Amino acid sequence: MLSKIEKLKEKLELKPEHELEIQSYTKQLLSQNKNFYQQIQRWGKRHCSGYLLPGHELLLDGFYEAVIGGEYQENLYTVVYRQTLNWYQLGLGDTDAVLLYNKVRQLVTSYGNSFGYSRLAYLLNQVVDLCISLSVEVRTLLFKMVHIKQAAEYESQRINQVFSILSSNLPSDLVKAYVKHQSWKYQVFALALGQGLDTVVEPLPIESCHLTRWLKEDNYRSVERKTFDALHERAHELSTIIVHQAAEHRPEQVSLYLQEFEQTSEELGRLLLECLEKHIAQMATHDQLTKLLNRTTLEAKFSRERALAQRLEQTLGFMLIDIDHFKKVNDEYGHFVGDMLLVEFAQLLVQHARMTDRVFRWGGEEFVVFGMLEPDAAQGMQQFAERIRQAVEQAEFCKQMKALQVTVSVGVVEFPASSELSLQRVFAQADTLLYQAKQQGRNQVQAAFL
Ligand SMILES: Nc1nc2c(ncn2[C@@H]2O[C@H](COP(=O)(O)OP(=O)(O)OP(=O)(O)O)[C@@H](O)[C@H]2O)c(=O)[nH]1
């Protein structure tokens, strides 16, 4: 595929043999006068001095070498880019740029003619046409980049605001990754736009990316990792290329890679958003510490389970479990150990529960388990509660820190689903039984059939 500069050269009929011709003239001139680039630069500055603002370079170093040197590949694009950027920063508009290029046109014409090379003057005029076309391209690109940079800045502010409201509920590494990604992007645009930055823009190394860290600890496994990792790696690869190209002032390359970067990050963003939605939905229905269902879902699950049990003419079992003297654990070993114990305790409950049982964290150190009983298992829930009581009694918790042993008190209620008992009623009964268990010395199960 032809590059933009190749296409422009074709349009302007600047052929490879013309470039060779210019090169051979330049060689001749250079052999006659070693300082001729500096000379023409001084000459140019004199001619264009009317446009010169104090302290500002109007025609950059390297510009004449690029124009007169005869090599019109990527380097000319880079030089014209820097030149256009320079004018853009000085506030010169399109008309000023054309006027300046006309000065350059006069300059190269008289330069060619003064050496008696009218053919060179003609060819260099084509090069000036090429520079003007490139400059127009660059200006269009600059406007586009300014626009995208503003959009990225705005997006970054918006994300910061939204996240500062939500962040206490969102995974902080994920939030940091989003914000870092956005601010990196507009810094790259700033770099490509030649704007001075307080800090050096570095590519984003994948190893230190917050997203990588978050993904490692993603408890929800909600992202399809193979696709996600490939996209994520490509985004970081692109960031290295883009920073490099931006520092080298290659706008065509920057915009090309940024386009791919945008597509990649949009796709990444889409996958992450899906994942966040799942996460937020999860937060509404699950306890964040133990990952068990929370009390807000208890009512709905209870009604559903009771309706199913009614259809099947089954008996339901409901138990309320409370860890004995849990306050002591917190007081003696701190909340961190207390939390760890709660997590391990929840895992123990899940391990012992049947597939059909529902396990909830009611709050604090209280848990609820309910489910249908096996048709022929009389007092099934009571036996199950007893098994749990024994398992807890024998278990050691928080082994990494300090092996702890605890006991539980349990209130168990069993009732036929047809009795249409409300959750409140069942819960109150289980709570009374739990209270009795505590009163009678803890580490025991109290049960009733309603
Ligand atoms: N670490 C930790 N502690 C919690 C959490 N939720 C509640 N607690 C603590 O659990 C303790 C419950 O104490 P109490 O209600 O007095 O009950 P207890 O010490 O277990 O005594 P009994 O129930 O009478 O055997 C309080 O100290 C709460 O601060 C939690 O999420 N993490």
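Just so it is clear, the model here is predicted, and its values are computed rather than measured. (Residues numbered from 1 in each chain as written. Predicted model: local features only at pLDDT ≥ 70, side-chain atom pairs only at ≥ 80, totals over all residues. Heavy atoms only, no water.)

Draft legend 1. Just the packing of helix α14 (residues 335–352) against helix α15 (residues 380–394), in detail. For the pair α14 and α15, the least separation of the axes is 11 Å and the interaxial angle reads 140 degrees. In terms of axis orientation, α14 runs oblique to α15. Considering only the axes of α14 and α15, their crossing is right-handed. For the pair α14 and α15, the contacting residues are Phe 345, Leu 348, Leu 349 and His 352 in the first and Phe 384, Ile 388, Ala 391 and Val 392 in the second. (Axes fitted to C-alpha atoms, helices over the stretch in contact; angles between N-to-C directions. Helix = DSSP H or I, 4+ residues; strand = E, 2+ residues; numbered from the N terminus. Parallel < 35°, antiparallel > 145°, perpendicular 65-115°, else oblique. Left-handed = near helix turned anticlockwise from the far one by under 90°. Contact = heavy atoms within 4.5 Å.)

Draft legend 2. Structural detail: the environment of Phe 326. Checked against the element boundaries, Phe 326 lands in helix α13 (residues 326–333). The class for Phe 326 is buried, based on a relative accessible area of 9%. Sequence-wise, Phe 326 and Val 406 are 80 residues apart; in three dimensions their C-alpha atoms are separated by 8.0 Å. (Buried < 20%, exposed > 50% of the residue type's maximum accessible area, 1.4 Å probe, protein only.)

Draft legend 3. Just the side chain of Asn 330, in detail. Secondary-structure assignment places Asn 330 in helix α13. Judged by relative accessible area, Asn 330 falls into the buried class, the value being 16%. Contacts of Asn 330, omitting those with residues within four sequence positions, involve His 335 and Gly 338.

Draft legend 4. Structural detail: the site of the ligand. Within the structure, the ligand sits among 16 residues, and His 325, Phe 326, Lys 327, Asp 339 and Arg 361 are positioned closest to it. Note that an oxygen atom of the ligand is positioned 3.1 Å from one of the backbone N or O atoms of Ile 323. The contact in question runs from an oxygen atom of the ligand to an N or O atom on the backbone of Lys 327, over 2.7 Å. Its free accessible area being 670 Å², the ligand has 67% of it covered by the protein chains. Looking at the shell around the ligand, the elements with two or more residues in it are β2 (315–323), α13 and α14. No other element matches the four residues that α14 contributes to the shell around the ligand. Residues belonging to the shell around the ligand are distributed by class as follows: three nonpolar, five polar and eight charged. (Near = heavy atom within 4 Å. Polar contact = N/O pair within 3.5 Å; in protein donor to acceptor, adjacent residues only side chain to side chain. Areas by Shrake-Rupley, 256 points an atom, 1.4 Å probe, with all protein chains shown as cover. Nonpolar A, V, L, I, M, F, W, Y, C, P; charged D, E, K, R; others polar.)

Draft legend 5. Summary view of the nonpolar core. Of all hydrophobic cores here, the largest spans 77 residues; its most connected members are Ile 68, Leu 76, Leu 124 and Leu 211. Broken down by element, this core gets its largest block of residues, 14 residues, from helix α7 (residues 118–166). Formed jointly, this core draws a minimum of three residues from each of two domains, domain 1 (4–141) and domain 2 (170–285). Aside from chain neighbours lying at most four places away, what touches Leu 211 is Asp 173, Leu 174, Ala 177, Phe 228, His 232 and Leu 272. Within the second largest apolar cluster, 34 residues are counted, among which are Ala 353, Ala 395, Leu 404 and Val 408. (Core = buried A, V, L, I, M, F, W, Y, C linked by side-chain atoms within 4.5 Å. Domains from an automatic or database assignment.)

Draft legend 6. Molecular detail of the side chain of Asp 287. Checked against the element boundaries, Asp 287 lands in the loop between α11 (251–285) and β1 (293–294). Take Asp 287: its relative accessible area is 14%, and that puts it in the buried class. A polar contact of 2.5 Å, which involves the side chain of Asp 287, links it to the side chain of Thr 290. Beyond its immediate chain neighbours, meaning those up to four positions away, Asp 287 contacts Leu 292, Leu 293, Asn 294 and Arg 361.

Draft legend 7. Fine view of the pattern of salt bridges. Overall, the coordinates contain 13 salt bridges when judged by the stated rule. In this structure, Arg 361 engages Asp 287 in a salt bridge whose closest nitrogen and oxygen atoms are separated by 3.2 Å. Residue Arg 361 is found in strand β3 (residues 358–363), and its partner Asp 287 is found in the loop between α11 and β1; the two are separated by 74 residues along the sequence. The pair Arg 361 / Asp 287 is uniform in exposure class, with both members buried. Salt bridges linked by common partners bring Arg 234, Glu 237 and Glu 260 together as one network. (Salt bridge = Lys/Arg side-chain N within 4 Å of Asp/Glu carboxyl O.)

Draft legend 8. Molecular detail of α13. Phe 326, Val 329 and Asn 330 are the residues of α13 that are buried. Projected down its long axis, α13 shows its buried positions confined to an angular sector of 95 degrees, all on one face. Summarising the geometry of α13, the exposed residues directed more than 90 degrees from the buried face are Lys 327, Asp 331 and Glu 332. Phi for Gly 334, located one or two positions after α13, is positive at around 95 degrees. (Arc of directions from axis to C-beta.)

Draft legend 9. Inspection of helix α12 (residues 298–311) at higher detail. Between the first and last C-alpha of α12 there are 20 Å, a value that for 14 residues agrees with the 20 Å anticipated at 1.5 Å per step. If you check which residues of α12 are buried, you get Leu 298, Lys 301, Phe 302, Glu 305, Arg 306 and Ala 309. The arc enclosing the buried residues of α12, seen along the axis, measures out at 130 degrees, which places them on a common side. Among the exposed residues of α12, those oriented more than 90 degrees off its buried face are Arg 304 and Arg 311. Those residues of α12 that are buried lie in contact with β1, β2, β3, β4 (366–372), β5 (408–416) and α16 (423–439). Positive backbone phi, at 50 degrees, marks Glu 313, one or two positions downstream of α12. (Expected span 1.5 Å × (residues − 1).)

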